Amino acid sequence: MFKKILLIGALGQIGSELLAELRKIYGAENVIAADKKTNPPEKIVNAGPFENIDICHKDSLVAIVKKYNIDCILNMAAILSATGEQRPKLAWNVNMNGFINVLDVAVEYKMKQVLVPSSIAVFGPETPKNAPQETILKPTTMYGITKVAGELLGNYCVKKFGLDVRGLRFPGIISNETLPGGGTTDYAVAIYYEAVKNKKYTCFVKEDTRLPMMYMPDCLKATIDLLQADFSKLKHHCDFNVGAMSFTVKELADSIKKHIPEFHVTYEPDYRQQIADTWPDSVDDSAARQEWGWKPDFNLEAMTADMLKVIGEKHKQGLI
Ligand code: VAH
C-alpha cells in the first residue's frame, strides 16, 4: 500500500472534497495537497501539507515528489469541456502535457499507483445513447480528445512499464462544497444555488437535455474504491464507465419544486448545448460493478434533498 499521496488539483470541485476523504483514511500528513492556485483556503492549509504546483512544468512536480517521497499520484487537474472549447490549446497543454509529465515522473520515480479521472466527454455523436464500456470514442470537444488520449496513454504505461494507472469516466458531478468551473454540466450545480437564493434559474441548455450525473459522495466513493481495488482483478485500467443517475433538466427542476414549489426555470441555450448534445444519456457501468464492486448510493430525489438542506443552511448563515 502507498505511504505518501500527492493530490494534484486539490482546490478544485472534486479535489477539495477528495482531499478531506483521503486525509481521513491515510492521515493528513500523508496526503500532500497541490494546486496551481496560490491562495489556498486557511482550512486546507491548516489541515495538512499544501504545495503550489504547475504540472506543465515537470521540475515543479519532481521537486514535490522528491521532497515528500511520494509513491502515489492522483491527478485531478484539468481544463473542462466548456473552457476547453474557448481555449483549446490551454486544455491540450494542461490535460495532455501536464498528464504526460505525471506519467513520466511516475515511471522515473517508480510510483506505486497513478489515478486520473476520465469523463463521459470521451464519447461523441456516434456513441450509442446508453454508452457501452467498449464503444466508439470520437469526441468533438478538445476536452474529450484529451481524455481519450489520456486513457490510451495511461493504458499504454500499464502495458509498457507495468505502471499501475487507473481512471474512471466521471459523468457530471454535483456538489455543494466547491463550485465547479468551466464544465458543460455546471448547470446541474448552479440550479440548486439559484433555487435557494432566488427561486429562479436561467439554464444554458434545453429542458429535455438528458445527461448522466453523479452526486459527490458517490464520486468520492467510486474514486476511493477504485484506488483501493485489487489491481490483479482489473481487466480495464484507465477507462471505467461509472454511472449513478440520468435525468433531464426538467426532471431536475421538478425534483427541486417538490421542496421549493415557487421555483421557476427559463431556458436560454448557448454553445454548451452543442457540447451536451454529443454526450450519451447514460452509461453501462457493468465492468466497474464486476471488476471492483461499483454501486452508487444516491438517486435524484436523495441528492436534491441533501443539496437543498446543505445549501439552504449556508444561505441562512449568509455564506452564499
Ligand atoms: C464538464 N463536468 O462538464 C465536466 C464533465 C461530464 C462532463 O467532465 O466538462
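Residues numbered from 1 in each chain as written. Predicted model: local features only at pLDDT ≥ 70, side-chain atom pairs only at ≥ 80, totals over all residues. Heavy atoms only, no water.

**Considerations on the site of the ligand**
Part 1: Taken together, L80, S81, S119, I120, Y143, F170, P171, G172, G183, T184, T185 and W279 form the complete shell of residues around the ligand.
Part 2: In this structure, an oxygen atom belonging to the ligand sits 2.8 Å away from a side-chain N or O atom of Y143.
Part 3: Here the ligand has 280 Å² of accessible area as a free molecule, and 94% of this is covered by the chains.
Part 4: Its residues assigned to classes, the shell around the ligand comprises six nonpolar, six polar and no charged.
Part 5: Lining the shell around the ligand are residues from two domains, each supplying at least three of them: domain 1 (5-172 + 215-241) and domain 2 (174-213 + 245-316). (Near = heavy atom within 4 Å. Polar contact = N/O pair within 3.5 Å; in protein donor to acceptor, adjacent residues only side chain to side chain. Areas by Shrake-Rupley, 256 points an atom, 1.4 Å probe, with all protein chains shown as cover. Nonpolar A, V, L, I, M, F, W, Y, C, P; charged D, E, K, R; others polar. Domains from an automatic or database assignment.)

**Things to note about helix α3 (residues 58-68)**
Part 1: Buried within α3 are the following residues: L61, V62, I64, V65 and Y68. One side of α3 carries all its buried residues, which in axial view fall inside an arc of 165°. Of the residues in α3, the exposed ones pointing more than 90 degrees away from the buried face are D59, K66 and K67.
Part 2: Buried-residue contacts for α3 involve β1 (5-8), β2 (31-35), β3 (50-52), β4 (72-75) and α5 (88-108).
Part 3: Just downstream of α3, N69 is the residue with a positive phi angle, here 55°. (Buried < 20%, exposed > 50% of the residue type's maximum accessible area, 1.4 Å probe, protein only. Helix = DSSP H or I, 4+ residues; strand = E, 2+ residues; numbered from the N terminus. Arc of directions from axis to C-beta. Contact = heavy atoms within 4.5 Å.)

**Re the pairing of β2**
Part 1: Counted residue by residue, β2 has five buried out of five residues, so it is predominantly covered.
Part 2: Because side chains alternate across β2, one face comprises the buried residues V31, A33 and D35, and the other comprises I32 and A34, equally buried.
Part 3: Of the pairings in the sheet, the one linking β1 to β2 comprises four bridges and is parallel in character. Note on β2: the bridge partner recorded for L7 is A33.
Part 4: Running through helix α1 (residues 13-26), the crossover from β1 to the neighbouring parallel element β2 is right-handed.
Part 5: Pairing of β2 with β3 involves three bridges; the strand directions are parallel. Its bridge partner lying in β3, D35 is registered against N52. (Pairing = 2+ DSSP bridges. Right-handed = clockwise from strand over helix to strand, strands pointing away.)

**Some remarks on the packing of aromatic side chains**
Part 1: With the rule as written, the count across this model stands at six aromatic pairs.
Part 2: A ring pair is formed by Y156 and F161, whose centres lie 6.3 Å apart and whose planes are at 80°; its orientation type is edge-to-face.
Part 3: Members of the aromatic cluster, joined through ring pairs, are F240, W292 and W294.
Part 4: In this arrangement the basic side chain of R272 is found over the ring face of F204, its NZ or CZ atom lying 3.4 Å from the centre. (Phe/Tyr/Trp six-rings, centres within 6.5 Å; stacked < 30°, edge-to-face > 60°. Lys NZ or Arg CZ within 6 Å of the ring centre and 35° of its normal.)

**Structural notes on the state of the cysteines**
Here is the idea: a disulfide is a covalent bond, and it sits between the sulfur atoms of two cysteines.
Part 1: Within this structure, the stated rule accounts for zero disulfides.
Part 2: For C56, which is in no disulfide, the shortest distance to another cysteine sulfur is to C157 and amounts to 17 Å. (Disulfide = S-S within 2.5 Å.)

**Focus on the side chain of E291**
Part 1: Looking at the secondary structure, you find E291 in helix α11 (residues 286-292).
Part 2: No salt bridge forms around the buried E291; measuring N to O, its nearest opposite-charge neighbour K235 is 5.0 Å away.
Part 3: Here K235 takes part through its backbone nitrogen, which lies 2.6 Å from a polar atom of the side chain of E291. (Lys, Arg positive; Asp, Glu negative; His and termini not counted. Salt bridge = Lys/Arg side-chain N within 4 Å of Asp/Glu carboxyl O.)

**Side note on the pairing of strand β11 (residues 200-203)**
Part 1: Burial along β11 is one-sided: the residues Y201 and C203 are buried and none of K200 and T202 is.
Part 2: Sheet analysis places β11 next to strand β15 (residues 264-267), joined by four bridges and oriented parallel. Among the inter-strand pairings, T202 is bridged to a residue of β15, identified as T266.

**Thoughts on the environment of G48**
Part 1: On the secondary structure map, G48 appears in the loop between α2 (42-45) and β3.
Part 2: Since its relative accessible area comes to 11%, G48 is described here as buried.
Part 3: Sequence separation between G48 and R23 is 25 residues, and the spatial gap between their C-alpha atoms is 8.4 Å.
Part 4: Excluding its chain neighbours within four sequence positions, the residues that come into contact with G48 are R23, A28 and E29.

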